[in-house]
Amino acid sequence: MIKLKSTREIEMMREAGRIVAAVLLELERLIVAGVTTGALDRMAEKMIRRAGGEPAFLGYHNYPASICTSINEEVVHGIPGLRKLKEGDIISIDVGVRLKGYYGDAAATFGVGAVGPGAQRLMDVARRSLDQAIAAMRQGAHLSDISHAVQAYVEMNSFAVVRNFVGHGIGTEMHEEPQVPNFGPPGRGPVLQPGIVLAIEPMVNAGGWEVEVLKDHWTVVTKDGSLSAHFEHTVALGDNGPEVLTIL
Ligand code: MF3
Ligand code: CO
C-alpha cells in the first residue's frame with residue numbers, strides 16, 4: 001500500500017530533507033585528494049545530530065556508518081573507512097536523516113579534483129537522468145513513466161542503468177512502497193497522486209548494467225569494473241507538480 005502524505009507530513013519531510021541537503025553540500029566542500037571516507041562519515045554524523053536529526057543508515061540492517069561512500073566502480077552502499085580519496089576518483093555520497101519520525105534520503109556523485117572526460121560525462125548523464133525522472137513525476141502519470149524516463153535518457157547516452165537496486169517510497173520509514181525501478185516500459189503501475197513521496201535514485205554504469213556485492217556484504221560494484229554514478233532526491237508530488245525535498 002502506498003501511504004500518501006498530508007501537507008503537514010510533507011512539511012516535516014522538508015525539514016529532514018533540508019538537513020540531508022546541508023550535509024551533502026558540506027561534504028562536497030570536504031572532498032579533496034587525501035581525505036578518508038571515514039572522515040566524511042564522522043563529519044556527516046556530527047552535522048546530522050547537531051541539527052537534531054538521527055543518521056538513518058546507522059544500524060539499518062546493521063549497516064555500520066551514517067553515510068554510504070561509493071568510489072569509482074562501486075555503485076552504492078560503500079562503507080566509509082580508512083580509504084583515501086585520490087585525484088580523479090568519483091565518489092557517490094548517500095545521506096539519510098530521520099527527524100521527528102520522518103525520513104529524507106539523497107545522494108550525489110562528485111569528482112575528486114579534475115576527473116577524466118568519461119567520468120564527467122557519466123556524472124552529467126546520471127544527474128540529468130534524475131532531472132528527467134523528477135519531470136516525469138506528474139499527477140496522472142504512471143509510476144513506470146518515472147522509470148522509463150531514466151532508462152530512455154541513460155541509454156540514449158550509451159550508458160546502462162542498474163536493475164538490481166531501485167528507488168522507493170519514503171515517509172515514516174526509509175523504505176516504503178512502491179519500489180521505483182530505473183528501467184521499464186512507460187504507462188505501468190499506480191497512477192501518481194498528490195501526496196506521494198518517492199526517493200528516486202538512478203544508478204548509472206559506464207559499461208554493462210550488471211553488478212555484484214563484495215564480501216563485506218554491502219558494497220555493490222559493477223561486474224565489469226566500469227565506473228558508476230548515483231544521484232538521489234526525495235521528491236513529493238504536490239498539487240503544483242513535483243517538489244524536491246532534499247534541497248536547502
Ligand atoms: N539510499 C540508500 C537506500 O535507499 C541507502 C540505504 S542503505 C543503508 O537504500 F544500509 F546504508 F542504509
Ligand atoms: Co534511497
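Just above sits the structure.
Described below are features of the structure shown in this document. (Residues numbered from 1 in each chain as written. Chains lettered and ligands numbered in written order. Predicted model: local features only at pLDDT ≥ 70, side-chain atom pairs only at ≥ 80, totals over all residues. Heavy atoms only, no water.)

**What about the nonpolar core?**
Ranked by size, the top nonpolar core spans 56 residues in total, and within it Leu40, Ile93, Val95, Met137 and Ile146 carry the most contacts. Per element, the largest residue contribution to this core is 8 residues, and it comes from helix α3 (residues 117–135). The residues touching Val95, leaving out its near neighbours within four places in the chain, are Val20, Val23, Leu24, Leu27, Ile48, Phe57, Ile67, Gly104, Asp105 and Ala106. Judged by nonpolar contacts, the second largest core, of 15 residues, contains Tyr63, Ala65, Ala199 and Ala236. (Core = buried A, V, L, I, M, F, W, Y, C linked by side-chain atoms within 4.5 Å. Buried < 20%, exposed > 50% of the residue type's maximum accessible area, 1.4 Å probe, protein only. Helix = DSSP H or I, 4+ residues; strand = E, 2+ residues; numbered from the N terminus. Contact = heavy atoms within 4.5 Å.)

**Describing the coordination of the cobalt ion (ligand 2)**
Of the protein atoms, only Asp105 (OD), His168 (NE2), Glu201 (OE) and Glu232 (OE) coordinate the cobalt ion (ligand 2), at distances of 2.1 to 2.3 Å. Between the 6 donor atoms coordinating the cobalt ion (ligand 2), the angles at the centre fall across 65 to 172 degrees, so the site counts as irregular. Motif for the cobalt ion (ligand 2), donor spacing along one chain: D-x62-H-x32-E-x30-E. Residue Asp105 is found in strand β5 (residues 102–111), and its partner Glu232 is found in the loop between β13 (228–230) and β14 (233–238); the two are separated by 127 residues along the sequence. Both residues of the pair, Asp105 and Glu232, belong to the buried class. (Donors = N, O, S within 2.8 Å, 3.2 Å for Na, K, Ca; no water. Tetrahedral: all angles 85-135°; square planar, octahedral: opposite > 155°, others 65-115°.)

**Some thoughts on the sheet that holds β13**
Reading across the sheet, the 3 strands line up as β6-β10-β13 and stay open at both edges, with antiparallel pairing between neighbours. If you trace the sheet from one side to the other, it starts and ends with β6 (160–161) and β13, each paired once. Summarising the sheet, strand β10 (residues 203–205) and β13 pair through 3 bridges and their orientation is antiparallel. Paired with Val204 across the bridge in β13 is Ala229. (Pairing = 2+ DSSP bridges.)

**A short note on the packing of aromatic side chains**
What the rule picks out here adds up to 1 aromatic pair. For the pair Tyr63 and Trp218, a centre-to-centre distance of 4.9 Å together with 80 degrees between the ring planes defines the contact as edge-to-face. Separated by 155 residues along the polypeptide, Tyr63 in the loop between β1 (54–55) and β2 (67–71) and Trp218 in the loop between β11 (211–213) and β12 (220–222) bring together distant segments of the chain. (Phe/Tyr/Trp six-rings, centres within 6.5 Å; stacked < 30°, edge-to-face > 60°.)

**Focus: the environment of Val204**
Tracing the backbone shows Val204 in strand β10. Those residues within four positions of Val204 in sequence are excluded, and the remaining contacts are Leu122, Ala126, Ser129, Val154, Phe159, Ala160, Leu227, Ser228 and Ala229.

**Section: the environment of Ile91**
Tracing the chain through its elements places Ile91 in strand β4 (residues 90–99). Ile91 sits in the buried class, given a relative accessible area of 0%. As for Ile91 and Val75, which are separated by 16 residues in sequence, their C-alpha atoms are 9.3 Å apart. Apart from the residues within four sequence positions on either side, Ile91 is in contact with Ile31, Thr37, Leu40, Thr69, Ser70, Ile71, Leu85, Ala108, Thr109, Phe110 and Val112.

**Comments concerning the pattern of salt bridges**
In this structure the tally under the stated criterion is 8 salt bridges. Measuring nitrogen to oxygen at the nearest pair gives 3.3 Å for the salt bridge that ties Glu15 to Lys100. On the criterion of sequence distance, the pair formed by Glu15 in helix α1 (residues 7–30) and Lys100 in the loop between β4 and β5 is long-range, its members being 85 residues apart. (Salt bridge = Lys/Arg side-chain N within 4 Å of Asp/Glu carboxyl O.)

**A short note on the pairing of β4**
In terms of burial, β4 is largely enclosed, as 9 of its 10 residues are buried. As defined by bridge partners, β1 adjoins β4 across 2 bridges and the pair is classed as antiparallel. Residue pairing for β4: Glu54 is matched across the bridge by Arg98. In the sheet, β4 pairs with β5 via 10 bridges, with the strands oriented antiparallel.

**Some points on the sheet that holds strand β8 (residues 176–180)**
An order of β8-β7-β9-β14-β15 is seen for the 5 strands of this open sheet, with the pairing classed as antiparallel. Across the chains shown, the open sheet's two edge strands, defined by having one partner strand only, are β8 and β15 (241–244). In this sheet, neighbouring strand axes are inclined to one another by 25 degrees on average, regardless of whether the strands run parallel or antiparallel. Summarising the sheet, strand β9 (residues 197–200) and β14 pair through 4 bridges and their orientation is antiparallel. Residue pairing across strands places Ile200 opposite His233, the latter belonging to β14. (Axes fitted to C-alpha atoms, helices over the stretch in contact; angles between N-to-C directions.)

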